[in-house]
Amino acid sequence: MSFLSISRQTRKTQEFLTSGTFTPSAALLAAGGHVEVELRGGGGGGGTSPGSGGAGGGGSSRHLGFYTVTGDTTVIIGAGGTFAANGGESSFGTLSCAGGGAGTSSTLGAGGAAGGKDGFAGGQGNYNTAAGPYQCGGVGGGLGGGYGGPNATGGPATANSGGGGGGGAHLLNGGAGGSGYCLVTWWE
């Protein structure tokens, strides 16, 4: 009579909030080096606008995929966009994830561009002539920052959220986008 031996595997994760290197264990490499990777790019910075509210920055795209590691792998965490600038791209080896688009600074405060196929557009700025020209900026896209209220700067997005910064109101700066994120998951 023979017995089957059942091996138990343990789920492992490593989170990257800043750029670095993923170093696989010998057990992971022996098992084939298969990992699951979640990436977010940096969120776009919020814009401003003359006489109205600037647009919120776009939230970054999110990428969830599989990758085979054969050794140390470079991880780059995209920076959040500063005022009216695009968010940076995040990457794990050859996998990449787009950052969010910058909030525009047009008169109408149109919404910020979405970052990639899964990105979130920033909110459009608000203009209300009855209340005067110092109106609210748009909310940042994704997990974005709060809008700039009347005559206020836009709120920043949370670090490592990939969210867009909130738009600033009437010539005041928009908030910065949130930096990107990487989570690596594997079994050994």
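Criteria and cut-off values
- Residues numbered from 1 in each chain as written.
- Predicted model: local features only at pLDDT ≥ 70, side-chain atom pairs only at ≥ 80, totals over all residues.
- Heavy atoms only, no water.
- Buried < 20%, exposed > 50% of the residue type's maximum accessible area, 1.4 Å probe, protein only.
- Helix = DSSP H or I, 4+ residues; strand = E, 2+ residues; numbered from the N terminus.
- Pairing = 2+ DSSP bridges.
- Disulfide = S-S within 2.5 Å.
- Polar contact = N/O pair within 3.5 Å; in protein donor to acceptor, adjacent residues only side chain to side chain.
- Contact = heavy atoms within 4.5 Å.
- Axes fitted to C-alpha atoms, helices over the stretch in contact; angles between N-to-C directions.

(A) Representation of the pairing of strand 5 (residues 73–76) in the model. In strand 5, alternate side chains face the same way, and those of T73 and V75 are buried while those of T74 and I76 on the opposite face are not. Note that strand 2 (residues 20–22) and strand 5 share three bridges and pair antiparallel. When the sheet's bridge partners are listed, F22 is paired in strand 5 with T73. Judged from the two bridges that link them, strand 5 and strand 6 (residues 90–92) form a sheet pairing that is antiparallel. Across the sheet, I76 pairs through a bridge with S91, a residue of strand 6.

(B) Focus on the state of the cysteines. The tally for this structure, following the rule as stated, stands at zero disulfides. Among the cysteines around C97, which has no disulfide bond, C182 carries the closest sulfur, lying 9.8 Å off. With relative accessibility at 0%, the residue C182 sits in the buried group.

(C) The arrangement of the side chain of N160 in detail. As for its position among the elements, N160 is in the loop between strand 7 (95–97) and strand 8 (181–187). Separated by 2.8 Å, the side chain of N160 and the backbone oxygen of G180 make a polar contact. Among residues more than four places away in sequence, those in contact with N160 are L17, I77, G178, S179, G180 and Y181.

(D) Representation of the sheet that holds strand 4 (residues 62–68) within the structure. In space, the four strands of this open sheet follow the order 1-8-3-4, with antiparallel pairing throughout. Looking along the sheet, the strands with just one partner apiece sit at the ends: strand 1 (11–16) and strand 4. Strand after strand, the sheet turns through a mean of 20° between neighbouring axes, direction not considered. Bridge count between strand 1 and strand 8: six bridges; the pairing is antiparallel. In the sheet register, Q14 faces strand 8, and the bridge partner there is V184.

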